[in-house]
Amino acid sequence: MTDGAIAEPLDLVRLSLDERIYVKMRGDRELKGRLHAYDQHMNLVLSDVDETITVVDVNEETFEERIRTVKRSHEMMFVRGDGVILVSPPGRT
Amino acid sequence: MLFYSFFKTLVGQPVVVELKNDLSIAGVLVSVDQFLNIKLDDIRVTDEKRFPHMMSVKNCFIRGSVVRYVQLPSAAVDTALLQDATRRENSAEK
Amino acid sequence: MDSFLPGAASLVDCVDKKLLVILRDGRKLIGWLRSYDQFANLVLQDTMERMYHGETYGEEYRGMFVVRGENVVLLGEVNEEKEAHHLRSLREVPSAEINAILKKEAEARKKMDLVTGKILHARGFCVDFAETDHY
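I will try to describe carefully the structure that is included in this document.

Definitions and cut-offs
Residues numbered from 1 in each chain as written. Chains lettered and ligands numbered in written order. Predicted model: local features only at pLDDT ≥ 70, side-chain atom pairs only at ≥ 80, totals over all residues. Heavy atoms only, no water. Salt bridge = Lys/Arg side-chain N within 4 Å of Asp/Glu carboxyl O. Buried < 20%, exposed > 50% of the residue type's maximum accessible area, 1.4 Å probe, protein only. Helix = DSSP H or I, 4+ residues; strand = E, 2+ residues; numbered from the N terminus. Contact = heavy atoms within 4.5 Å. Buried area = accessible area lost by both parts, 1.4 Å probe. Polar contact = N/O pair within 3.5 Å; in protein donor to acceptor, adjacent residues only side chain to side chain. Nonpolar A, V, L, I, M, F, W, Y, C, P; charged D, E, K, R; others polar. Core = buried A, V, L, I, M, F, W, Y, C linked by side-chain atoms within 4.5 Å.

Before going further, it helps to examine the pattern of salt bridges. Within this structure, the stated rule accounts for 25 salt bridges over all chains. Here Asp28(A) makes a salt bridge to Arg29(A), at a shortest N to O gap of 3.4 Å. Residue Arg29(A) is classed as buried on the basis of its relative accessible area, which comes to 7%. Notably, a salt bridge pairs Arg72(A) with Glu51(A), separated by 2.7 Å at the nearest N-O pair. Here Glu51(A) lies in strand 3 (residues 44–58) and Arg72(A) lies in strand 4 (residues 65–79), a separation of 21 residues in the sequence. The class of Glu51(A) is buried, set by a relative accessible area of 0%. What you see here is one network of salt bridges that share partners, running through Asp28(A), Arg29(A), Glu51(A), Arg72(A), Glu18(B), Asp22(B) and Arg68(B).

Next comes the structure, spelled out in structure tokens:
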């Protein structure tokens, strides 16, 4: 198979190697980072990662809700595949 | 086996393991097995107030399945080599 | 490959040591590791369960355990000197007392998680695992 062909879902991930991808995680987290490694479990290694955590604050008396995001960054990280919901290749726009 | 081999190259490096329950443990990577269970030495917990039970523990074994992230020192990772290994692994499996 | 024992190989030097074991439901067990296997199933002897809350702690003797590996979050070797030092800085209270407080807090948290979970779900987040992963 040539390097450019897409025959199965993970081939799309292979084409995203060394590109910035978007990763949606289980729970309240999203990542953007450069992809350096992956396997069939969707374990990943990303660099220059921007992590976004969406936090809901609920006032215990009034039940008013306020949604805010917390940002973190990581120079290099391993992401365990069982927490990954989707991987999105870099936008073509 | 890609990530098992990858982690083996990082033995001796300072890492931060973040668990799915938000506990973050910083320490030196001592060993890893094929389930990606991780052993750390010289550990330090970022939020000791929330996890006081960790104060008397100096080294630990973390079950791979409870890990969310492992933060790594970027200088210890050869990204070009890693990408080559990833390409090899993911075409060899077919 | 240096030590190719099938999985959990590195637990060998924890045998016959005093360990803190954290379970997925948040419980903390302190006992002597007598045996283990590749799934990190554990045999713990003379196990105590310890609960912490603020400046207090409680203990309950539990005895012998076989812990199924999938419920293990982490285990660590207990430095008894450090442990004694830390416990001296806390006040021991009856375990029933501390358990009641922890239970109440867990219920309140669960209620709150349900509310925030619904809001996050409506925004497209996947929060269905909260029940099992809040160790």
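What follows covers the interface of chain B and chain A. Between chain B and chain A, the contact holds 29 residues from the first and 29 residues from the second. Between chain B and chain A the total buried area reaches about 2,400 Å² when both faces are included, carbon and sulfur atoms providing 57% of it. Where chain B touches chain A, the interface holds four salt bridges. Here Asp22(B) ties to Arg29(A) by a salt bridge, and the two come within 3.3 Å at their closest N and O atoms. Our count for the contact surface shared by chain B and chain A stands at 13 residue pairs in polar contact (both at pLDDT 80 or more). Secondary structure elements with two or more residues in the side of chain B that touches chain A: helix 1 (2–8), strand 5 (67–71) and helix 2 (79–92) of chain B. The biggest single contributor to the side of chain B that touches chain A is helix 2 of chain B, with seven residues. Tallied by class, residues from the side of chain B that touches chain A come to 13 nonpolar, nine polar and seven charged.

By the element assignment, Gln83(B) lies in helix 2. We classify Gln83(B) as buried; its relative accessible area is 7%.

The next point concerns unusual backbone geometry. The backbone of Asp18(A) sits at a positive phi, close to 65°, despite the residue not being glycine. You can see Asp18(A) is positioned in the loop between helix 1 (9–14) and strand 1 (20–25). On the basis of relative accessibility, which here comes to 36%, the residue Asp18(A) falls in the partly exposed class. A positive phi angle, near 60°, is found at Leu36(B), a position not held by glycine. Looking at where Leu36(B) falls in the secondary structure, it is placed in the loop between strand 2 (24–32) and strand 3 (38–45).

This part covers the nonpolar core. Counting 40 residues, the largest nonpolar core has Phe7(B), Leu19(B), Ile25(B), Leu40(B), Ile62(B), Leu72(B) and Leu74(C) as its most contacted members. A total of five residues in this core trace back to one element, the largest contributor, which is helix 1 of chain B. Excluding its chain neighbours within four sequence positions, the residues that come into contact with Leu40(B) are Val15(B), Val17(B), Ile25(B), Gly27(B), Val28(B), Leu29(B), Val30(B), Asn59(B), Cys60(B) and Ile62(B). Of all hydrophobic cores here, the second largest spans 17 residues; its members include Leu17(A), Tyr38(A), Leu44(A) and Val87(A).

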